[in-house]
Amino acid sequence: MLDDFLTRAALAGLGVALAAGPLGCFIVWRRMAYFGDATAHAALLGVALALALSISVFAGVLAVVLVLALAVSGLSARGVPVDTLLGVFAHGGLAVGLVVVSLLPGARVDLMGLLLGDILAVGRTDLAVIWAGAALVIGLLAWRWSGLLTATLNADLARASGIDARREDMILTLALALVVAVALKVVGALLISAMLIVPAATVRPLARTPESMAVLAAICGAAAALGGIALSYRADTPTGPTIVAVATALFAVSAILPRRG
Amino acid sequence: MPAHPDTTALIEARTLSLARSGRPVLDRVDFRVDRGEIVTVVGPNGSGKSTLIQILIGALAPDAGTVRRAPGLRIGYVPQSLHIDATMPMPVGRFLALPQRHGRAARAEALAQVGLQDLEAQPMSALSGGQFQRVLLARALLMRPDLLVLDEATRGLDQPGTAAFYRIVEDLRARMGCGVLMVSHDLHVVMSASDRVVCLNGHICCHGTPEIVASAPEYRALFGVGTQGTLALYRHDHDHDHDDGPCGHGPDAPAGAGAGPAAPVRSHGHGHNRQHGAGPDAG
């Protein structure tokens, strides 16, 4: 069954969507959309460095994203506005990544694949990495759910309940790094944050509790992934952008629906 | 300063100092709350009240000084204001169960204790200001706290709302025996059930039972007793300045301020009730 590239693509999209949906809810609740963007763009630098150093791409992306998160929290503590910092890192990471890729001797890097994803080229190993990463993220979120939710609501409230809000922040950052690393192959650096934000934003009007919103976001992301793959196969369009386009269409429908709660 | 017996203190801070951008926010502040005691901290804006609370609940580390908590101390914290982002769907029942899950019966009981039955399914965003604060209080109660910390919990409530809120707190103290630490920026309104009032302005200006604070030489006090004795309206005169001779830092507290039993409420006539004379705002 895994011999079929479409099946592998569907499973890859499903894995990313199931992890990105719930995590995306936190990104939306915390108004961290730009952080997701910066992380995804910086991931390109991680890929470039990994190729230059001949280490695993996954490790390179993870390392760069974690350094980015530490740099952002360190510099923002010194009074640099966070949105400015993220603007610097998002575009700086993208630019430096592209420069490093161009400097790689003899390496033929599929730049379009990195930027826009290449889900149809997902192999069995990629699939294993994607599902392991997704399972780790879902497990992490489920395990820390209460603490993450409390820290997201109010840091003082969390601390008074014995929850280290900064630790929860780090866990979210780690989860974000994992999702970015596994989603790079699927939708590419430019569109990863769409997989985080669009499903969460789409299901918000339908959700009554944080938990239902997380589950619905995962379902919505999965539907967008499967629908996007099917559509791109029929219409012969690039798959990653088609997935995001379908998600955006779902958002448009939900935005038009009458609001409740 | 009197020696503190360490056995009764729920929380005790010594010589806390903290500076922000080179400006001292707290300067060698000593502070403690005992079991079953209601302590109210009053002070003008920027006097360091919130900073003190943050240090006490462990959200902030002081530059100098120590905080000692009773072993296993459970703090029920009611924050000053809480903004729940509109992107997060949050019904009352779910909010109460953060971060620990509680049974349906416990949640219903906590809501009943603050006078809000049958609100579990309501989204937090649909509550009025007074209901919101009482839900925050109910959530703190579910922690079975030894110490209830209320950071300007009545901000934005009208006088009947404030009086009702204070009656609930007083009732809870009596039933659960928890210590209560309240902060108020409103120098006029202090809960009459306070065992001690601490007047903070970077340092501790004044410290004692409501009576002692009210009759402290540098303060003129006016009382109001129009709300079933729950509210006492103090008028603190903060025109005095400390520039030409800093008044002693740390509590030069009158005797008995440390571990006092409930102080009797001094009762005046109704003549000085300026707040009520001005008409309670319905806001």
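Treat the numbers as computed from the prediction; the structure is a model and nothing was measured.

Peer 1: What is the right way to read the packing of helix α9 (residues 165–187) of chain A against helix α10 (residues 192–203) of chain A from this model?
Peer 2: Helix packing for two helices is described by the angle between their axes and how far apart those axes are. All names here are of chain A. Viewed as axis vectors pointing N to C, α9 and α10 meet at an angle of 110°, and their least axial separation amounts to 8 Å. By the angle class used here, α9 and α10 are roughly perpendicular. In contact with L176, V179, V180, A183, L184 and V187 of α9, α10 contributes I192, M195 and L196. Looking at the contact of α9 with α10 residue by residue, the classes come out as 9 nonpolar, no polar and no charged.

Peer 1: Any chance you could explain the packing of α10(A) against helix α12 (residues 239–256) of chain A here in plain terms?
Peer 2: Residues and elements named next belong to chain A. Following both chains from N to C, one finds α10 and α12 inclined at 20°, their axes separated by 8 Å at the closest point. The angle between α10 and α12 falls in the class roughly parallel. At the point where α10 passes α12, the crossing takes the left-handed sense. Contacts between α10 and α12 pair A194, M195, V198, A201 and T202 from the former with I243, V244, A247, T248, L250, F251 and S254 from the latter. When its residues are assigned to classes, the contact of α10 with α12 shows 9 nonpolar, 3 polar and no charged.

Peer 1: Explanation requested: the interface of chain B and chain A in the structure shown.
Peer 2: Accessible area lost when the parts come together is the quantity often used to give the size of an interface. Across the contact, 25 residues belong to chain B and 23 residues belong to chain A. Here chain B meets chain A over a buried area of about 2100 Å², counting both sides, of which 61% is carbon and sulfur. When the buried surface of chain B facing chain A is broken down by residue, T87(B), M88(B) and P89(B) rank first, second and third, together holding 27% of it. Counting across the interface, chain B meets chain A through 3 salt bridges. The closest approach of N and O atoms between R101(B) and E211(A), which form a salt bridge, is 4.0 Å. There are 5 residue pairs in polar contact (both at pLDDT 80 or more) connecting chain B and chain A. Secondary structure elements with two or more residues in the side of chain B that touches chain A: β5 (75–78) and α2 (92–96) of chain B. Tallied by class, the residues present in the side of chain B that touches chain A amount to 16 nonpolar, 5 polar and 4 charged.

Peer 1: How should the UniProt feature "transmembrane region" (unreviewed entry) in chain A be read in this particular structure?
Peer 2: Residue and element names in this part refer to chain A. Feature annotation in UniProt places "transmembrane region" (unreviewed entry) on residues 6–29, 41–72, 84–106, 127–145, 171–201, 213–233 and 239–257, given in this structure's numbering. Secondary structure across residues 127–145 divides into 95% helix and 0% strand, with the first and last C-alpha atoms of the span separated by 26 Å. Along residues 239–257, the helical share is 95% and the strand share 0%, with 27 Å between the first and last C-alpha atoms.

Peer 1: Help me understand the nonpolar core in this model?
Peer 2: A general feature of soluble globular proteins is that nonpolar side chains tend to end up buried together. Within the largest apolar cluster, 153 residues are counted, with the highest numbers of intra-cluster contacts made by F31(B), F95(B), L137(B) and L181(B). The greatest single-element share of this core, amounting to 14 residues, is contributed by α9(A). Structurally, this core is a two-domain feature, drawing no fewer than three residues from each of domain 1 (9–74 + 147–253 + 264–277) and domain 2 (86–144) of chain B. The residues contacting L137(B), other than those within four sequence positions of it, are V78(B), V114(B), L148(B), L150(B), F165(B), I168(B), V169(B) and L172(B).

Peer 1: Honestly, the packing of aromatic side chains in this entry has me stumped. Any pointers?
Peer 2: Geometrically, a pair of aromatic rings is defined through the distance of the ring centres and the angle of the planes. Residues and elements named next belong to chain A. By the definition in use, this model includes 3 aromatic pairs over all chains. Considering the side-chain rings of F26 and W29, the 5.1 Å spacing of their centres and the 75° angle between planes classify their relative orientation as edge-to-face. You can see F26 and its partner W29 sitting in helix α1 (residues 5–29), 3 residues apart, about one turn around the helix. For the pair shown, F26 and W29 are each scored as buried.

Peer 1: I keep staring at the pattern of salt bridges and nothing clicks. Help me out?
Peer 2: Pairing of side chains with opposite charge becomes possible as their charged atoms draw close. Under the counting rule described, the total for this entry stands at 18 salt bridges over all chains. Between D169(A) and R30(A) there is a salt bridge whose closest N-O contact spans 2.8 Å. With D169(A) in helix α9 and R30(A) in the loop between α1 and α2 (33–53), the pair connects residues that are 139 residues apart, well separated along the chain. Residue classification places D169(A) among the partly exposed positions, given a relative accessible area of 30%. In this structure, the salt-bridge partner of R173(B) is D195(B), at a minimum N-O distance of 3.1 Å. With a gap of 22 residues between them, R173(B) in helix α5 (residues 159–176) and D195(B) in the loop between β8 (189–191) and β9 (196–201) connect regions that are remote in the sequence.

Peer 1: Got a minute to help me understand the sheet that holds β5(B) in this structure?
Peer 2: Remark on secondary structure: sheet strands pair via backbone hydrogen bonds, oriented parallel or antiparallel. Residues and elements named next belong to chain B. The strand order across the open sheet formed by 6 strands is β5-β6-β7-β3-β9-β10, and the pairing between neighbours is mixed. Each end of this open sheet is capped by a strand with a single partner; those strands are β5 and β10 (203–208). With strand direction ignored, the average angle separating the axes of adjacent strands in the sheet is 15°. On the sheet, helix α1 (residues 49–56) packs against β3 (38–42), β5, β6 (147–151), β7 (179–184) and β9 and is oriented at approximately 150° with respect to β7.

About the thresholds
- Positions within a chain are numbered from 1, following the residues in the order the chain's sequence is written.
- As a convention, the first chain written is A and the first ligand written is 1, with the rest following in written order.
- Totals for whole chains, interfaces and linings use every residue, but because this is a predicted model, local features are given only for residues with pLDDT of at least 70 and side-chain atom pairs only at 80 or more, for both listing and counting.
- Note that the side-chain values use all heavy atoms of the structure and ignore hydrogens as well as water.
- Lines fitted to C-alpha atoms define the axes, with helix axes restricted to the stretch in contact, and inter-axis angles between N-to-C directions lie between 0 and 180 degrees.
- Note on conventions: DSSP H or I runs of at least 4 residues are helices, E runs of at least 2 residues are strands, and numbering of each starts at the N terminus.
- Our angle categories are set so that under 35 degrees counts as roughly parallel, over 145 as roughly antiparallel, 65 to 115 as roughly perpendicular, and the remainder as oblique.
- We call two residues in contact when some of their heavy atoms are within 4.5 Å.
- Basically, the charged four are Asp, Glu, Lys and Arg, the nonpolar ten are Ala, Val, Leu, Ile, Met, Phe, Trp, Tyr, Cys and Pro, and anything else, Gly included, counts as polar.
- Here a crossing is called left-handed whenever its near helix is offset anticlockwise from the far helix by less than a right angle, and right-handed whenever the offset is clockwise.
- Once two parts are put together, the accessible area they lose, assessed with a 1.4 Å probe and summed over both, is termed the buried area.
- Each salt bridge in this description consists of a side-chain nitrogen of Lys or Arg and a carboxyl oxygen of Asp or Glu lying within 4 Å of one another.
- Any pair of N or O atoms that falls within 3.5 Å is considered a polar contact. Within protein, one atom must be able to donate a hydrogen and the other to accept it, and sequence-neighbouring residues count only if both atoms are side-chain atoms.
- UniProt positions are given in the numbering used here, feature names are shortened, and annotations may be inferred rather than shown by experiment.
- We define a nonpolar core as any set of buried Ala, Val, Leu, Ile, Met, Phe, Trp, Tyr and Cys residues linked to one another through side-chain atoms lying within 4.5 Å.
- Here the term buried applies to any residue with accessible area under 20% of the maximum for its type, exposed to any over 50%, and partly exposed to those in between, with areas from a 1.4 Å probe on protein chains only.
- Domain start and stop points were drawn from an automatic or database domain assignment.
- Ring geometry is summarised as follows: Phe, Tyr and Trp rings, the Trp one being its six-membered ring, pair when their centres sit within 6.5 Å, and such pairs are stacked at plane angles under 30 degrees, edge-to-face over 60 and tilted between the two.
- Only when DSSP finds a minimum of two bridges between them are two strands counted as paired.

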